[in-house]
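Residue-level structure breakdown
In case you want the letters, here they are:
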Amino acid sequence: MYDTERSAYITLDSLALMVKEDRPFVVLDARTGDDITRGVLAQVILEEETKGRAMLPVPFLRQLIRWYGDSRQDEVSEYLERMMGEFIARQAHDVPELRELDAEKAEIVGQVMSMFTSLYAVERGAGSGPSVENLLREVMELPTEVRRLRGDADVDATRKE
């Protein structure tokens, strides 16, 4: 790949560094001019995953692959982007609020962890519990449930997944 800003060839590691530095860029195919940024970023993730820095659990990756081509693919994509944005926003406010969870909120966290454990069991074919789709639907409804438990006024206006 060629960096036109610096007039030099760069590697996937260079692109990863640019992302970490929050430097915007677009990757264009030299032959066709097509924007291939998404595919190259996926390659960066693949490189990180194979270097022993794995972040994405196998059951999550399997479920993600299953959503490709599904009628709700765009909805899942938007949900993942929104959840990552919320996660990043919470990091900016530090973690003390997580340490101050009351018993009710701690129970919600326990339920979430239980669902992910169940998802892993379903993925491995263990038991005759709920389907992966039902578990994912429950996970997608969690933000609304958390807002309801917090007593947020705008919960009723929130779109049900």
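The structure displayed is predicted, hence computed values, not measured ones. (Residues numbered from 1 in each chain as written. Predicted model: local features only at pLDDT ≥ 70, side-chain atom pairs only at ≥ 80, totals over all residues. Heavy atoms only, no water.)

Bringing the environment of E49 into the picture now. Topologically, E49 is positioned in helix α2 (residues 37-50). The exposure class of E49 is partly exposed, given its relative accessible area of 21%. Once you skip the residues sitting within four places of it in the chain, E49 turns out to touch A54, M55 and L56. Only 3.1 Å separates the side chain of E49 from the backbone nitrogen of L56, close enough to count as a polar contact. (Helix = DSSP H or I, 4+ residues; strand = E, 2+ residues; numbered from the N terminus. Buried < 20%, exposed > 50% of the residue type's maximum accessible area, 1.4 Å probe, protein only. Contact = heavy atoms within 4.5 Å. Polar contact = N/O pair within 3.5 Å; in protein donor to acceptor, adjacent residues only side chain to side chain.)

Within helix α1 (residues 12-20), the full set of buried residues consists of L12, L15, A16 and M18. Down the axis, α1 shows its buried residues gathered within 160 degrees of arc, on one side only. Summarising the contacts, the buried residues of α1 are in contact with α2. (Arc of directions from axis to C-beta.)

Turning to its location among the elements, V19 is positioned in helix α1. Along the chain, V19 and V44 lie 25 residues apart, while their C-alpha atoms are 10.0 Å from each other. Apart from the residues lying within four places of it in its own chain, the contact partners of V19 are F25 and L41.

A full pass over the atoms with the stated rule returns six salt bridges. The salt bridge involving R148 is made with E145; its shortest N-O contact spans 2.5 Å. You can see R148 and its partner E145 sitting in helix α7 (residues 132-150), three residues apart, about one turn around the helix. Its relative accessible area of 47% is what places R148 among the partly exposed residues. (Salt bridge = Lys/Arg side-chain N within 4 Å of Asp/Glu carboxyl O.)

Time to look at the nonpolar core. In terms of nonpolar packing, the biggest core is built from eight residues, these being I10, L12, L15, A16, M18, V27, V40 and V44. Sorting the residues of this core by element identifies α1 and α2 as the ones contributing at least two each. Looking at this core, the element that brings in the most residues is α1, giving four residues. Excluding its chain neighbours within four sequence positions, the residues that come into contact with L12 are M1, V40, Q43, V44 and E47. (Core = buried A, V, L, I, M, F, W, Y, C linked by side-chain atoms within 4.5 Å.)

Per-chain confidence: the protein chain averages 77 in pLDDT, with 66% of residues scoring 70 or above. Across the protein chain, α2 holds the top mean pLDDT of 92, while helix α5 (residues 96-99) sits lowest at 54. Across residues 155-161, confidence stays below pLDDT 50; counting only partners more than four residues off in sequence or on other chains, it has 13 contacts. (pLDDT = per-residue confidence, 0-100.)

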